[in-house]
Amino acid sequence: HTHTHTITMNTPLLLLLLLAASAHSAPQQRHTRPRSHVPGLASACGKLAVPSGTHVQGLAEDGTLTVRYANGTVTSLAPCRPLKSAPHPHPHPPLTDNPDNQWLAWYFSETNLMDNGATFFSSRWTVPPLPEDLPSNLAFFNGLQPTYDPKPYDFIIQPVLSTGSWMDGDFPSIWVINAVMCHNSGHCIYGHPMRTEAGHSILGTMQLLSSRPNNQWNITVLDQDTGLGNSIIYETTYPLLWAFVTMEHNPAGPVGDCDRLPRDSLDFVENNLQPAAPEGWQGVIGDGGCQISTDTFAQAEKLTIYF
């Protein structure tokens, strides 16, 4: 006898296969709702502009910073506010309950802990047109921190593109770049702002120069179209375990007027984190509104913030 086998696919199974194929071809999922886990530091209460190449030491347990200038001058900066940990214990409340949060959107990646943190991180991005309604401060940067939730010893090193008035001058209608280090003691120390223009390519680089006896980091920002930029050196005992690319707005909280943001999106490209963790990059948004979003997961080649 000859037996003929007929395979009949039932409707639920067919539906599952079609849904799986559709999900595979769907565009990358984006974060469109605020997340409650907030990195970044509170607003600075002390600000100091320094010449390019200035050496800053953050070695004191009480948060005092030592600034060593190239001419031999040394200045000590005592904390201008009490050192503090994250503003709330886990689980964190909504972002709107954190008055210090200024990050509108960011991507993060954890460095390889087996290698004692990062040794190098660079990103490139293009200066966007200025917003139609100028903000009090808007900044784009890549950066490194020792923790995700702020601890008393926390700090961030960051090459920054910004417009506004948060630094030592008022730049409401131009873009500027500079190398920046902000500490949880309240102080932000940065190279003198240098003007840049829409369409210029910005390269932000952080490189570990030495790990003995302490970790010495060179923070550099460069306008690749003009060749202008600056750098500062930061010395610390802590490894840098978290990498970010970020859009920040000041004052904290919702933007209010969406014309305070540039149009469309901004790409951080050629993101080179060494050593990189295998998990890659994840996108998060704050409570800024204005249809701000990130990709849920992204590759280092391009990290896009949409607004």
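Scroll up for the structure.
Rules used throughout
- Position labels on residues start from 1 in each chain and follow its written sequence.
- Per-residue local features are limited, in this predicted model, to residues with pLDDT of at least 70; the limit for side-chain atom pairs, both in listing and counting, is 80 or more; totals at the level of whole chains, interfaces and linings are taken over all residues.
- Only hydrogens and water are set aside; all other atoms, that is, all heavy atoms of the structure, feed into the side-chain values.
- Numbering goes from the N terminus for both helices and strands, where a helix is a DSSP run of H or I of at least four residues and a strand is a run of E of at least two.
- Only the protein chains shown count as cover for residues, with accessible areas throughout obtained via the Shrake-Rupley method and a probe of 1.4 Å.
- Criterion for a disulfide: a pair of cysteine sulfur atoms at a distance within 2.5 Å.
- By definition, a salt bridge exists where a carboxyl oxygen of Asp or Glu is found within 4 Å of a side-chain nitrogen of Lys or Arg.
- Exposure categories follow from relative accessible area, calculated using a 1.4 Å probe and restricted to protein chains: below 20% of the type maximum is buried, above 50% is exposed, and the middle band is partly exposed.
- Throughout, a residue-residue contact means that at least one pair of heavy atoms, one from each residue, lies within 4.5 Å.
- The definition of a nonpolar core used throughout is a set of buried Ala, Val, Leu, Ile, Met, Phe, Trp, Tyr and Cys residues joined through side-chain atoms within 4.5 Å.
- For the purposes of these results, a polar contact is taken to be a pair of N or O atoms within 3.5 Å, where, inside protein, one atom must be able to donate a hydrogen and its partner to accept one; residues adjacent in sequence count only when each atom of the pair is a side-chain atom.
- By this definition, two strands are paired if DSSP reports at least two bridges between them.

Student: Tell me about the overall build of the chain, and name the residues and values.
Tutor: Looking only at helices and strands, the chain features 1 helix and 21 strands. Roughly 14600 Å² of accessible area belongs to the chain as shown, and the carbon and sulfur atoms make up 53% of that amount.

Student: Please set out the state of the cysteines residue by residue, giving values where relevant.
Tutor: Counted according to the given criterion, the structure contains 3 disulfides. Between the sulfur atoms of Cys-45 and its disulfide mate Cys-80 the distance is 2.0 Å. The S-S bond linking Cys-45 to Cys-80 shows a torsion near 85°; that makes this disulfide right-handed. With a gap of 35 residues between them, Cys-45 in the loop between strand S1 (30-31) and strand S2 (46-50) and Cys-80 in the loop between strand S5 (74-77) and strand S6 (103-110) connect regions that are remote in the sequence.

Student: How would you explain the pattern of salt bridges if you had to name every residue and give the values?
Tutor: Opposite charge on two side chains permits pairing when their charged atoms draw close. If you walk through the whole model with that rule in mind, you get 4 salt bridges. Here Glu-270 ties to Arg-124 by a salt bridge, and the two come within 2.9 Å at their closest N and O atoms. One end of the pair, Glu-270, is in strand S17 (residues 265-274); the other, Arg-124, is in strand S7 (residues 120-126), with 146 residues separating them in the sequence. Relative accessible area serves as the criterion here: at 49%, Glu-270 is assigned to the partly exposed category. For Arg-124, a relative accessible area of 22% corresponds to the partly exposed category. A salt bridge links Arg-263 to Glu-132; the shortest N-O distance between them is 2.9 Å. Of the two residues, Arg-263 is situated in the loop between strand S16 (242-250) and S17 and Glu-132 in the loop between S7 and strand S8 (137-145); the sequence distance between them amounts to 131 residues. Arg-263 gets classed as exposed once you look at its relative accessible area, which sits at 51%. The exposure class assigned to Glu-132 is exposed, which follows from its relative accessible area of 60%.

Student: Report on the environment of Arg-124, specifying residues and quantitative values.
Tutor: The sequence separation of Arg-124 and Gln-224 amounts to 100 residues, and the corresponding C-alpha distance is 9.6 Å. Not counting residues within four places of it along the chain, the set of residues in contact with Arg-124 comprises Ser-201, Ile-202, Leu-203, Gln-224, Asp-267, Phe-268, Val-269 and Glu-270.

Student: Now, about the nonpolar core: what can you tell me, with residues and values included?
Tutor: Ranked by size, the top nonpolar core spans 48 residues in total, and within it Phe-140, Leu-144, Ile-157, Met-181 and Ile-292 carry the most contacts. At 4 residues, strand S10 (residues 171-183) tops the list of elements feeding residues into this core. Not counting residues up to four positions away in its chain, the partners in contact with Met-181 are Val-56, Leu-65, Phe-155, Ile-156, Ile-157, His-187, Cys-188, Ile-189, Ile-232 and Tyr-234. Within the second largest apolar cluster, 18 residues are counted, among which are Tyr-148, Val-160, Cys-188 and Leu-241.

Student: Summarise the side chain of Asn-230; cite the residues concerned and give the values.
Tutor: Mapped onto the elements of the fold, Asn-230 is located in strand S15 (residues 229-236). A polar side-chain atom of Asn-230 sits 3.0 Å from the main-chain amide nitrogen of Ala-179. Within the local environment of Asn-230, its side chain forms a polar contact with the backbone oxygen of His-192, the two atoms lying 2.8 Å apart. Those residues in contact with Asn-230 that lie beyond four places of it in its chain are Ser-52, Ile-177, Asn-178, Ala-179, Gly-191, His-192, Met-194, Ile-219, Thr-220 and Val-221.

Student: Kindly report on the pairing of strand S21 (residues 302-306), identifying the contributing residues and their values.
Tutor: Most of S21 is tucked away, with 4 of its 5 residues classed as buried. As paired elements, S17 and S21 share 5 bridges and run antiparallel to each other. When the sheet's bridge partners are listed, Leu-266 is paired in S21 with Ile-305. Examined bridge by bridge, strand S19 (residues 293-295) and S21 share 2 bridges and lie antiparallel to one another. Opposite Ser-293, over in S21, you have Tyr-306 as the bridge partner.

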